[in-house]
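# Examining the three-dimensional arrangement
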Protein chains: 2
Amino acid sequence: MIRDIISAQNSLVKAAAELKMKKYRTQREEFLVEGVRSVQEVLTSGWGIIEVFFADAIGTETVAAMFASSNVPCYHVSQAIIERLTDTKTPQGIVAVVKMQNTTITDLAGLSGLLLVLDEVRDPGNVGTIIRTADAAGACGVVLLQDCADVYSPKVVRATMGSIFHLPIVIDVDKARFCQWCAQENWSLWVSSLEGGTDIYDIAWEAKVAVTMGNEANGASAQMLKAAGKKVYIPMQGKAESLNVAIAAGVFLFEGAHKQPLATK
Amino acid sequence: MIRDIISAQNSLVKAAAELKMKKYRTQREEFLVEGVRSVQEVLTSGWGIIEVFFADAIGTETVAAMFASSNVPCYHVSQAIIERLTDTKTPQGIVAVVKMQNTTITDLAGLSGLLLVLDEVRDPGNVGTIIRTADAAGACGVVLLQDCADVYSPKVVRATMGSIFHLPIVIDVDKARFCQWCAQENWSLWVSSLEGGTDIYDIAWEAKVAVTMGNEANGASAQMLKAAGKKVYIPMQGKAESLNVAIAAGVFLFEGAHKQPLATK
């Protein structure tokens, strides 16, 4: 179904624009996805699309073809309205309102491999890049403990480059509850730490490892460091004091992809 | 020497503010460094500081102590003037004008280990993070071929977290000239490629390896791919199409740090 919306004051446009704010995303369990490729990823991955706004830059025929086999309402709007729905400088001209999937840690039952855990990682670009990297490395999921950047913010969604739709992501997980769950489900809980522990290249990779990355400025929280079965570090040789958290996550993820017992993948 | 500058129209302030633009940086071979820790890094590393602007947030005593053993002119200015000299939202209150070091590839003679090469890497955050990571992994230097982001832009300098002062960085290098130099100096030239080649985990690390990372959207240039002694890839397992270039560089850098013959470090 394609129809025109002319006014930026239209109530559907207004409601969609509100999803740029976390308050409304949480209330309605909906978020915005921008760009042709990302909207295509939503369709392919089977997440629920509530409605789509598109401008002339995309074209009615393209949109009609994309949504031929669905009955998602598609609204043809001005580029100015698209700009109201995004925070990118030069939006491509298509924005979808997508239903959140409320994955919980119990949904991770039966998985094995590397589970990436974020502990107060606050920068949206870092969170998005880490999710993209976890996908590329074949991690079985990403867990965001309480107080991380909001996965559904436009910046994070964009930085994941579609990977947010590829692997299970659990958000707002209570730390104590998560540590308890790891013990119950036989996940080895490792925490990345600058202050020593085991060298990542000397460690024995087990079949189920949850690797925790800490806050950009302060590293992992005291609670997670205390709960860790192992503290693990990436050996550094130069004069830099630390690594960017997304880079450190990348090194852990690919070392795991390379070393973890194959049978578990 | 500490003295007050009150007017934002002061010619020294105006000249320093111009260094936010590449044109003036190139002309005068000077650039801006912001923040207490970064300015401290400049002092420690011995790069030439031309002058310093600081506001009350830092304090005259701190600045006097930092520059006790030098005769760098230090100007006490308003926070508004500091804001004119930076593009950060909440600047710390200290900005130094620093002299560029014009390192050339001939300065890399005698080095061995991993030399990281950037081929049209355009995002300042990526370039800065890669330099920081190269430092942390103990790379012997970073070469930016023509058409990369400007290393001396405030965004890159900030993202390096001081690492720009820790290892040799050569900029604006002609591609043909660089490939010729690699051959002369016995550097194995590897180029990161998504389109096959050798798996990074199967490769034999030699004592002198120049690893080339390509553009964010298009990968390495045809010229570098053609010149490469080896095309190398990071094996991916998930549904992501590619890695962020800084993450890929991180995986190469730490794999090299771990596998390259120790004698060469």
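Residues numbered from 1 in each chain as written. Chains lettered and ligands numbered in written order. Predicted model: local features only at pLDDT ≥ 70, side-chain atom pairs only at ≥ 80, totals over all residues.

### Observations concerning the sheet that holds strand β6 (residues 113-118) of chain B
Residues and elements named next belong to chain B.
- The strand order across the open sheet built from 7 strands is β8-β7-β6-β11-β9-β12-β10, with neighbouring strands paired in parallel fashion. Unpaired on one side and paired on the other, β8 (169-173) and β10 (198-199) mark the two borders of the sheet.
- Across 4 bridges, β6 lies against strand β7 (residues 141-145) in parallel orientation. The residue of β7 that forms the bridge with Leu115 is Gly141.
- This element, helix α6 (residues 124-136), spans β6, β7 and β8 of the sheet and lies at about 175 degrees to β6.
- Helix-sheet contacts for helix α8 (residues 175-184) involve β7, β8, β9 (188-192) and β11 (208-213), and the interaxial angle to β7 is about 145 degrees. (Pairing = 2+ DSSP bridges. Helix = DSSP H or I, 4+ residues; strand = E, 2+ residues; numbered from the N terminus. Contact = placed C-beta atoms within 7 Å. Axes fitted to C-alpha atoms, helices over the stretch in contact; angles between N-to-C directions.)

### So, α8 of chain B
Residue and element names in this part refer to chain B.
- For α8, the full list of buried residues reads Phe178, Cys179 and Cys182. Burial along α8 is one-sided: seen end-on, the buried residues are contained in an arc of 100 degrees. When the buried face of α8 is taken as reference, the exposed residues oriented beyond 90 degrees from it are Ala176, Arg177, Ala183 and Gln184.
- Lining the buried residues of α8 we find β7, β8, β9, β11 and α9 (222-227). (Buried ≥ 20, exposed ≤ 12 C-beta atoms within 10 Å, placed from the backbone. Arc of directions from axis to C-beta.)

### A closer look at the domain arrangement of chain A
Residue and element names in this part refer to chain A.
- If you check the domain split of chain A, you get domain 1 (2-99) and domain 2 (105-264).
- The interface is formed by 15 residues belonging to domain 1 together with 9 residues belonging to domain 2.
- Contributions of two or more residues to the side of domain 1 that touches domain 2 are made by α2 (22-28), β2 (30-34) and α3 (36-45).
- The element that contributes the greatest number of residues to the side of domain 1 that touches domain 2 is α3, accounting for 5 residues.
- Here the residues of the side of domain 1 that touches domain 2 are counted per class, giving 5 nonpolar, 3 polar and 7 charged. (Domains from an automatic or database assignment. Nonpolar A, V, L, I, M, F, W, Y, C, P; charged D, E, K, R; others polar.)

### Focus: the sheet that holds strand β4 (residues 74-76) of chain B
Residues and elements named next belong to chain B.
- If you trace the 5 strands from one edge of the open sheet to the other, you get β1-β4-β3-β5-β2, paired in mixed fashion. With partners counted over all chains shown, the strands left at the sheet margins are β1 (2-4) and β2 (30-34), one partner each. The sheet shows a mean angle of 20 degrees between the axes of neighbouring strands, taken without regard to direction.
- Direction of pairing for β1 relative to β4: parallel, over a ladder of 3 bridges. Paired with Arg3 across the strands is Tyr75, a residue of β4.

### Concerning the interface of chain A and chain B
- Of the residues lining the interface, 27 residues belong to chain A; the matching set on chain B comes to 27 residues.
- Contributing elements (two or more residues each) for the side of chain A that touches chain B: α6 (124-136) and α10 (245-259) of chain A.
- Sorting elements by how many residues they give to the side of chain A that touches chain B places α10 of chain A first, with 7 residues.
- Residue classes in the side of chain A that touches chain B are distributed as 14 nonpolar, 10 polar and 3 charged.

### Details of the pairing of strand β12 (residues 230-233) of chain A
Residues and elements named next belong to chain A.
- Looking at chain direction, strand β9 (residues 188-192) and β12 are connected through 3 bridges and run parallel. Its bridge partner being in β12, Val191 is matched across the sheet by Lys231.
- One ladder, built from 2 bridges, connects strand β10 (residues 198-199) with β12; its direction is parallel. Across the sheet, the residue bridging to Thr198 is Val232, located in β12.

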